[in-house]
Amino acid sequence: MNVVLAVKQYISKMIEDSGPGMKVLLMDKETTGIVSMVYTQSEILQKEVYLFERIDSPNRETMKHLKAICFLRPTKENVDYLIQELRRPKYSIYFIYFSNVISKSDVKSLAEADEQEVVAEVQEFYGDYIAVNPHLFSLNILGCCQGRNWDPAQLSRTTQGLTALLLSLKKCPMIRYQLSSEAAKRLAECVKQVITKEYELFEFRRTEVPPLLLILDRCDDAITPLLNQWTYQAMVHELLGINNNRIDLSRVPGISKDLREVVLSAENDEFYANNMYLNFAEIGSNIKNLMEDFQKKKPKEQQKLESIADMKAFVENYPQFKKMSGTVSKHVTVVGELSRLVGERNLLEVSEVEQELACQNDHSSALQNVKRLLQNPKVTECDAARLVMLYALHYERHSSNSLPGLMMDLRNRGVSEKYRKLVSAVVEYGGKRVRGSDLFSPKDAVAITKQFLKGLKGIENVYTQHQPFLHETLDHLIKGKLKESLYPYLGPSTLRDRPQDIIVFVIGGATYEEALTVYNLNRSTPGVRIVLGGTTVHNTKSFLEEVLSSGLHSRSKESAHVTSRSASRR
């Protein structure tokens with residue numbers, strides 16, 4: 001189950017099926033992102049695709065010597081653009097691929113518009129999601145819910161994305177969902193409806209143990225997206241932001257023009273592929289090795305190119321050298337900037353207290369540490385607010401809860417009202433009343449012993465002691481111990497055996513820390529394959545935007561009667 005490979009194979013097939021000759025790839029805003037995640041422009045150029053165009057760009061030239069490969073989402077807007085295109089075709093022949101199920105009436109409209117008979121074929125290729133890592137996908141949707149319920153347009157897009165994922169991996173799963181979330185149940189029902197309606201598409205060879213789709217809600221763990229990260233990919237997203245593999249470095253002091261935006265893709269960057277899950281300390285020494293390696297291979301300035309053979313060797317090695325030079329300067333810049341931010345924002349100290357808030361249960365020590373950091377001028381307002389959010393989530397019902405005092409400290413520090421309001425919004429979004437799970441206290445004797453032993457041993461790395469709640473959920477699921485009372489099956493049938501192929505989807509967004517958990521579980525559990533997806537992939541900034549857009553913060557004290565009613569329904 002490799003989502004990058006699945007999308008890649010679709011795109012290769014489209015290009016192959018159009019036969020030899022020069023081609024243009026015609027895409028929309030979303031499919032442009034989908035393609036760019038799995039192929040570089042130079043890789044596609046090698047397949048005779050010489051032009052990349054957007055279907056919605058108004059001034060495209062007519063080029064009758066080109067074949068057009070259209071890869072589009074099956075939206076009304078795109079169908080209208082295609083109808084206009086086919087009435088006045090700009091290219092010699094059209095191969096049309098929709099990224100999801102297209103209605104018969106839309107196909108009929110296209111056929112009627114194709115008076116000049118330029119359409120060679122119309123097909124459905126289900127690459128309707130962003131393949132981030134082989135085991136991680138996203139739909140790039142920020143703000144999927146209004147209150148606790150779906151925004152209808154986003155529910156429809158998420159259903160399409162999730163069913164396309166299942167079709168691309170050739171899985172017809174049994175579905176389980178988080179009972180405490182109305183949104184999870186709703187999505188489970190919508191996916192099931194599509195599977196029932198399009199049953200012919202979902203007729204795959206039956207496996208001994210059916211695959212499982214588990215639908216979760218971000219509300220159940222609001223801690224994970226609030227923590228600073230220390231593994232490479234997660235840290236880059238947290239401190240710099242990754243958008244479709246692109247990182248904006250334009251704000252880096254003294255940045256050179258060609259490094260203002262860089263691409264980090266494990267598909268074609270060996271250093272990144274080998275280091276994306278390693279800790280920051282290890283990355284530092286690996287960067288040093290990369291530099292030394294580069295210095296050795298660098299063509300000597302004084303190297304005399306006397307013979308033709310010398311020149312030939314230089315020219316042959318030059319592209320590799322140039323590529324390596326690009327890789328080195330890119331990673332040195334990125335790691336250098338991460339390092340600068342860690343120092344400037346005092347993140348080692350901040351992160352240590354975050355981890356204490358997420359993993360330990362010592363209230364007075366946590367409170368003292370938060371108060372101490374709130375006095376530190378190096379701590380940014382975002383980091384100050386997130387410490388208070390973590391405190392508010394963990395000690396929400398503690399007898400000595402000191403949240404009002406901390407809110408006062410934020411105010412005195414001059415933290416903006418936006419961040420202060422977000423503290424209560426985050427508790428409203430993912431507080432105890434909402435969670436179906438118990439995030440903080442170990443539940444049984446085994447877990448308590450484990451925590452005790454962990455405390456005795458001392459933690460190998462104080463900055464990475466936190467395990468996302470997803471780890472425990474998946475661990476129970478793999479062992480066949482995930483409670484049906486909390487995660488029921490949709491429909492009457494249940495799974496007798498332990499699941500082998502698991503697709504987990506998080507409404508409200510997954511995180512790179514959870515992706516790392518899945519990566520490690522895939523490596524350590526033979527026979528189990530897990531893919532993780534989310535409406536988006538969050539860092540703290542985007543998670544707080546998600547909380548804001550849900551509108552929960554505005555339903556504070558005045559709506560207490562409404563909230564208590566919904567609480568009883570849970």
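Rules used in this analysis
Residues numbered from 1 in each chain as written. Predicted model: local features only at pLDDT ≥ 70, side-chain atom pairs only at ≥ 80, totals over all residues. Heavy atoms only, no water. Core = buried A, V, L, I, M, F, W, Y, C linked by side-chain atoms within 4.5 Å. Buried < 20%, exposed > 50% of the residue type's maximum accessible area, 1.4 Å probe, protein only. Helix = DSSP H or I, 4+ residues; strand = E, 2+ residues; numbered from the N terminus. Contact = heavy atoms within 4.5 Å. Axes fitted to C-alpha atoms, helices over the stretch in contact; angles between N-to-C directions. Parallel < 35°, antiparallel > 145°, perpendicular 65-115°, else oblique. Salt bridge = Lys/Arg side-chain N within 4 Å of Asp/Glu carboxyl O. Pairing = 2+ DSSP bridges. Phe/Tyr/Trp six-rings, centres within 6.5 Å; stacked < 30°, edge-to-face > 60°. Lys NZ or Arg CZ within 6 Å of the ring centre and 35° of its normal. pLDDT = per-residue confidence, 0-100. Expected span 1.5 Å × (residues − 1).

**Q** Describe the nonpolar core, and please don't skip the residues or the numbers.
**A** Grouped together as the largest cluster of nonpolar side chains are 159 residues, with contacts concentrated most on I215 and I507. The element best represented in this core is helix 14 (residues 381-394), accounting for ten residues. Beyond its immediate stretch of four places on either side in the chain, I215 contacts L162, I175, R176, Y177, Q178, A184, L187, A188, F505 and I507. Grouped together as the second largest cluster of nonpolar side chains are 20 residues, C70, V79, L82 and Y94 included.

**Q** Outline the packing of helix 14 against helix 15 (residues 403-413), supporting the account with residue identities and numerical values.
**A** For the pair helix 14 and helix 15, interaxial distance at closest approach is 11 Å and the crossing angle is 175°. Classified by the angle between their axes, helix 14 and helix 15 sit roughly antiparallel to one another. Of the residues in helix 15, those in contact with A384, A385, V388, Y391 and A392 of helix 14 are L403, L406, M407, L410 and R413.

**Q** Go over the side chain of N369, please, and point to the residues and values.
**A** With respect to the element layout, N369 can be found in helix 13 (residues 363-374). Setting aside chain neighbours within four positions, we find N369 in contact with V353 and E356.

**Q** Give a detailed account of the pattern of salt bridges, specifying residues and quantitative values.
**A** Per the counting criterion, the structure on display carries 29 salt bridges. Residue K330 pairs with D269 through a salt bridge whose shortest N-O separation is 3.0 Å. On the criterion of sequence distance, the pair formed by K330 in helix 11 (residues 308-344) and D269 in the loop between strand 14 (261-263) and helix 9 (270-275) is long-range, its members being 61 residues apart. Comparing K330 with D269 shows no difference in burial state: the two are buried. In this structure, the salt-bridge partner of E349 is R372, at a minimum N-O distance of 2.5 Å. Of the two residues, E349 sits in helix 12 (residues 347-359) while R372 sits in helix 13, which places them 23 residues apart along the sequence. Taking relative accessible area as the criterion, E349 reaches 29% and is therefore assigned partly exposed. One salt-bridge network, in which partners are shared between bridges, spans E238, R345, E354, D383 and R386.

**Q** Now, about the sheet that holds strand 2 (residues 49-54): what can you tell me, with residues and values included?
**A** Hydrogen bonds between backbone atoms are what pair the strands of a sheet, whose relative direction is either parallel or antiparallel. Spatially, 2-1-3-4-5 is the arrangement adopted by the five strands of the open sheet, whose pairing is parallel. Across the chains shown, the open sheet's two edge strands, defined by having one partner strand only, are strand 2 and strand 5 (119-124). For this sheet, the mean inter-axis angle between neighbouring strands, taken without regard to orientation, is 15°. Note that strand 1 (residues 23-27) and strand 2 share five bridges and pair parallel. Paired with M27 across the two strands is R54, which belongs to strand 2.

**Q** Can you break down the packing of aromatic side chains residue by residue, with the values?
**A** If you walk through the whole model with that rule in mind, you get ten aromatic pairs. Taken together, a centroid distance of 5.9 Å and an interplanar angle of 55° make the contact between Y91 and Y94 tilted. According to the relative accessible area criterion, Y94 is buried, its value standing at 0%. Plain terms: the ring middles of F137 and F505 are 6.0 Å apart, the flat faces sit at 25° to each other, and that makes the pair stacked. Of this pair, F137 sits in strand 7 (residues 136-138) while F505 sits in strand 15 (residues 501-507), and the two are 368 residues apart along the sequence. Classification of F505 as buried rests on a relative accessible area of 0%. Three or more aromatic residues joined by ring pairs form one cluster here, namely Y10, Y97 and F125. It is K8 that lies over the ring of Y39; its NZ or CZ is 5.1 Å from the centre.

**Q** Tell me about the sheet that holds strand 14, residues and numbers included.
**A** Within the open sheet, the three strands sit side by side as 12-13-14. Their pairing is antiparallel. Strands at the two margins of the open sheet, each flanked by one partner only, are strand 12 (242-243) and strand 14. Pairing of strand 12 with strand 13 (residues 246-248) involves two bridges; the strand directions are antiparallel. Looking at strand 13, one finds that N243 is bridged to R246.

**Q** Break down unusual backbone geometry for me, with residues and values.
**A** A positive phi is found at K170, a non-glycine position, where the angle reads about 55°. Take K170: it is sitting in the loop between helix 6 (152-168) and strand 10 (174-177). For K170, a relative accessible area of 53% translates into the label exposed. Although it is not a glycine, N245 sits at a positive phi angle of roughly 70°. The class for N245 is buried, based on a relative accessible area of 9%.

**Q** Tell me what's going on with the confidence of the model for the chain, and back it up with residues and numbers.
**A** When the pLDDT values of the chain are averaged, the result is 85; 88% of them are 70 or greater. In the predicted structure, residues 447-459 sits below a pLDDT of 50 and forms nine contacts with residues beyond four places in sequence or in another chain. Note that pLDDT drops below 50 for residues 555-570; the model gives that stretch twelve contacts with residues more than four away or on any other chain.

**Q** Can you explain helix 12? Please cite residues and give values.
**A** For helix 12, built from 13 residues, the straight-helix expectation of 18 Å at 1.5 Å per residue is met to within 8% by its first-to-last C-alpha distance of 18 Å. For helix 12, the tally of buried residues reaches ten of 13 residues, placing the bulk of the element in the interior. Every buried residue belonging to helix 12 is among L347, V350, S351, V353, E354, Q355, E356, L357, A358 and C359, and all of these are buried.

**Q** Lay out the pairing of strand 17 (residues 529-534) with the relevant residues and their values.
**A** Burial runs high along strand 17: five of the six residues are buried. Of the strand pairs in this sheet, strand 7 and strand 17 are connected by three bridges, and their pairing is parallel. Its bridge partner lying in strand 17, L136 is registered against L532. Sheet topology note: the strand 15/strand 17 ladder contains six bridges and is parallel. Looking at strand 17, one finds that D501 is bridged to R529.

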